[in-house]
Every structure is written in C-alpha cells, then in structure tokens.
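In case you want the letters, here they are:
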Amino acid sequence: MKKLLTLPILLLLLGLGLAQEAVATTVAVEDTVFAALADYQTAFDTFALLMFAVLVAFMQPGFALLEAGLHGAKNVVNIFMKNIADFSVAGLAYWAVGFAIMYGAPMFLGGYGSEVAAPADGLFYTGSADFFFQMVFAATAATIVSGAIGGRMKFTAYLIFSVVMTGFIYPYLGSWKWGGGWLDGIGFSDFAGSSIVHAVGGFAALGAVLAIGPRLGRYTGGKANAMPGHNMTLAGLGVFLLWIGWFGFNPGSQLVFNDLDNITVVGNVFVNTNLAASAGAVAAMFTSWLLFKKPDFSMTINGVLAGLVGITAGPDVIVGGWAVLVGAIAGVLVVFSVLMFDRLRI
C-alpha cells in the first residue's frame, strides 16, 4: 500500500519541478524579449529624433536665404555670416551651459547617457539625440533675430548676442516650461515652441531693433522710403526650406514614435502644420491683394511663416478646420503687423 502511494507522490513532485522549470524558462524568455524590444524602441526613436533634428537644422539655410533675399545685395554676405555664426555659437554655448540651465544636466557635457530619456518615463531615445534635438531649437531661436537686425548691427555685437541668447536667455526661459519650471506647473501648453522658441526670438528681435533704431535711410523727410529686397527668388526658396524644416520642428516634438498612438499623433501634426501654413499664405495673399490692388509676394511668404508659427503651439490638438482658421488669422495679422511697424517707424 505504501509503495502504491509513493509512486504518485514522486510523479507529482517531478511534475511540480518540471512546471517550475518551465515557468522560470518562460520568465527568462519574456525578460529577453522585453529587453530586445526596449533596445529596438530606443534605436528607432533615437534615429527618428535625429532625422527630425536634421530637418530643423535645414531651417538655418532657410532663414539665411529668406533674409538675404529680402535685404539689399550689400548685406547678403553679412547675413549668411551671421546665420553660420549663430548656428556655430549655439552648438558650443548650448553644449557648455545652455542645456544645463534648461534641463539641469551637467555643464560642458562630456558624455551623453540615456538618463535624460529613460524607458521608465515612456521615452526611448538616447541623451545625445535629445541634446542635439534641443540644440537646433536653440539655434532657431537665435537666428530669428538675424533678419530683424540685418543692416543695423555690427557683426561683433551679434556674436555676443548669439552667445547670450543660446547660452542663457533661451535656456532660462525654456526651462520655465520644458525644464519642468513654473509654467509647466500651472499647466501651460506649448507643444513645439510657438512661445518658447518663436516668441522668445521675436521679442528679442523687437528689443534689439527698438534699441538700435531703424535702418539708415529708411525714414527721411517725414516719410518711409521703400527698401525692397534684391532677390525674391532667394526669399521664396528660403521659405520653402523653412516650410520643410517645420515638418521636423512640429512632428519631432512628439518625441515618441514607436507605437500606434504616438505615430498617429505625428501624422496628424504633419497635416495640421501644413494646413495652417497653406491657410496663412492664402490669407496673406488675399489681404495684400485687397489693400494694394495686387497680390504681394513678400506678404504671401510671410503669411506662410505666420501660419507655421501660429500652429506650432498646438498642432496635436488644433485639427482640421481649426488649423486652417489659426493659419488664416495669423496670415491676416502678419500683413497688418508689417504696416503697423512701418507706421511706428521701427
């Protein structure tokens, strides 16, 4: 009888042992699969973020061509020199102190770990990719000023400004939202930098021109003298590059691209960004047509940029017809803004 009971018990123990071994093996396989999946997610998101950053970097030659075309021929070399200089300065100043001020990273970054984008936070790109993506945004904020002060500021003064802008002003103000500062704490929303990048750059440009004054010969004898751009082809090509670059600026700000929900948002951001740019161009064109009896090319391309800046705050939530409305309002406003600044002799 005892022998009959012993056999089933032995078989039961053997079965339990095999089951535990199978469970352990399954857990080990699952851990391996999840680790491999996390590696693939990190690789994909890192590559995608860097490609979006490259598109944003293309905005730099876009600004240079736009500014060169809308200024006199004598200022072209100076404008290109400023654009190359501020991108170069941003690469150093933002690396040295700017990224540290904005995100609390070490100054003079010697290494770029993945700690700033840990999988636990739902982010799977490396720290070096994050730094480069943020650096091209800083350069964009600085180069916005270049067009406004073209023909007004000495090159040495602009170099000093670029260091201060990319190393201190933009990072400090950007930290209020993207660095988890007080604006982030009260729920302020700026998806891709309509305020943090473009408004900061715009207000810096306004402050500079108010301090420097108008270009020589712009206002004489109580009237405004036209100073037309010397090459609208360059200006138009520059806007096309900026338009393309914005498809890195806005969609890239989603930061995560490795699942269906996030990539759906990215696709929507592409569409909404393009809708706003198109509406801005058409609205500015017809507004100038009504005011000047013919469509104005410079106003139209400025309408493109106005629509792009307007939608940048929320291309993930301002969709379809609302994106068109935002772009159209921005396109109308930019025409009247140009006229207002002319009236104020700025």
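An account of the accompanying structure is given in this report.

Each value, and the rule that gives it
Residue positions are given per chain, counting from 1 as you read along its sequence in written order. For a predicted model such as this one, the threshold for reporting local features is a pLDDT of at least 70, and the threshold for listing and counting side-chain atom pairs is 80 or more; totals across whole chains, interfaces and linings nevertheless cover every residue. Computation of side-chain values: all heavy atoms of the structure, hydrogens and water removed. Numbering of helices and strands starts at the N terminus; helices are DSSP runs of H or I of at least 4 residues and strands are runs of E of at least 2. Working definition: with a 1.4 Å probe on protein chains only, accessible area under 20% of the residue-type maximum means buried, over 50% means exposed, and in between means partly exposed. By the convention used here, residues are in contact when the closest approach between their heavy atoms is within 4.5 Å. To be clear on the numbers: accessible area is Shrake-Rupley with a 1.4 Å probe, and residue cover counts the displayed protein chains and nothing else. In what follows, salt bridge is the name for a side-chain nitrogen of Lys or Arg lying within 4 Å of a carboxyl oxygen of Asp or Glu. To estimate how far a helix should extend, the number of its residues minus one is multiplied by 1.5 Å. Patches here are clusters of residues that have more than 30% relative accessible area and form no salt bridge, with a 9 Å joining cutoff for like charges and a 5 Å cutoff for nonpolar side chains (Val, Leu, Ile, Met, Phe, Trp, Tyr). Among buried residues, those of type Ala, Val, Leu, Ile, Met, Phe, Trp, Tyr and Cys that are joined through side-chain atoms within 4.5 Å constitute a nonpolar core.

### Examining the overall build of the chain
Of the regular secondary structure elements, the chain holds 11 helices and two strands. For the chain, the residues scored as buried account for 42% of the 346 residues in total. Across the chain, the fraction of contacts at a sequence separation of at least 24, relative to all contacts at a separation of at least 6, is 76%. Roughly 17300 Å² of accessible area belongs to the chain as shown, and the carbon and sulfur atoms make up 73% of that amount.

### A word on the side chain of Asn-262
Along the chain, the position of Asn-262 falls in helix H9 (residues 260-292). Note on Asn-262: relative accessible area 17%, which makes it buried. Excluding residues that lie within four positions of it along the chain, Asn-262 makes contacts with Gln-254, Val-256 and Phe-257.

### Some thoughts on the pattern of salt bridges
If you walk through the whole model with that rule in mind, you get one salt bridge. Lys-177 serves as the salt-bridge partner of Asp-184, at 3.0 Å between the closest nitrogen and oxygen. Judged by its relative accessible area of 36%, Asp-184 is partly exposed.

### Examining helix H10 (residues 297-311)
An α-helical turn contains 3.6 residues, so a residue and the one three or four places further along point in the same direction. A rise of 1.5 Å per residue sets the reference length of H10, with its 15 residues, at 21 Å; its end C-alpha atoms lie 22 Å apart and thus fit the reference within 8%. Those residues of H10 that fall on the buried side of the exposure criterion are Met-299, Thr-300, Ile-301, Gly-303, Val-304, Leu-305, Ala-306, Gly-307, Leu-308 and Ile-311.

### Observations regarding the environment of Phe-286
Within the fold, Phe-286 resides in helix H9. Separated by 13 residues in the primary sequence, Phe-286 and Met-299 have C-alpha atoms spaced 9.7 Å apart.

### Some thoughts on a nonpolar patch on the surface
Together, Ile-101, Ile-160, Val-163, Val-164, Phe-168, Ile-169 and Tyr-172 give the surface a local cluster of nonpolar side chains, amounting to about 600 Å² of exposed area. No other element matches helix H5 (residues 155-175), which puts six residues into the nonpolar patch.

### Some thoughts on the nonpolar core
Among the nonpolar cores identified, the biggest contains 58 residues, and Tyr-94, Phe-137, Tyr-170 and Phe-249 are the most heavily contacted of them. By residue number, the principal contributor to this core is helix H4 (residues 127-148), which donates 11 residues. Residues contacting Phe-137, with those up to four places away along its chain left out, are Val-56, Tyr-170, Trp-178, Ala-192, Val-197, Phe-249 and Ser-253.

### Quick notes on unusual backbone geometry
The residue Leu-255 is not glycine, and still its phi comes out positive at about 75 degrees. With respect to the helices, strands and loops of the structure, Leu-255 is situated in the loop between helix H8 (232-252) and H9. A positive phi angle is found at Lys-293, which is not glycine, with a value near 70 degrees. Examined against the element boundaries, Lys-293 turns out to sit in the loop between H9 and H10.

### Quick notes on the side chain of Lys-177
On the secondary structure map, Lys-177 appears in the loop between H5 and helix H6 (182-185). Once residues lying within four places of it in the same chain are set aside, the contact partners of Lys-177 are Leu-183, Asp-184, Phe-188, Ser-189, Asp-190 and Ile-196.

Note that every value here comes from positions in space, so none of it alone points to a role or purpose.
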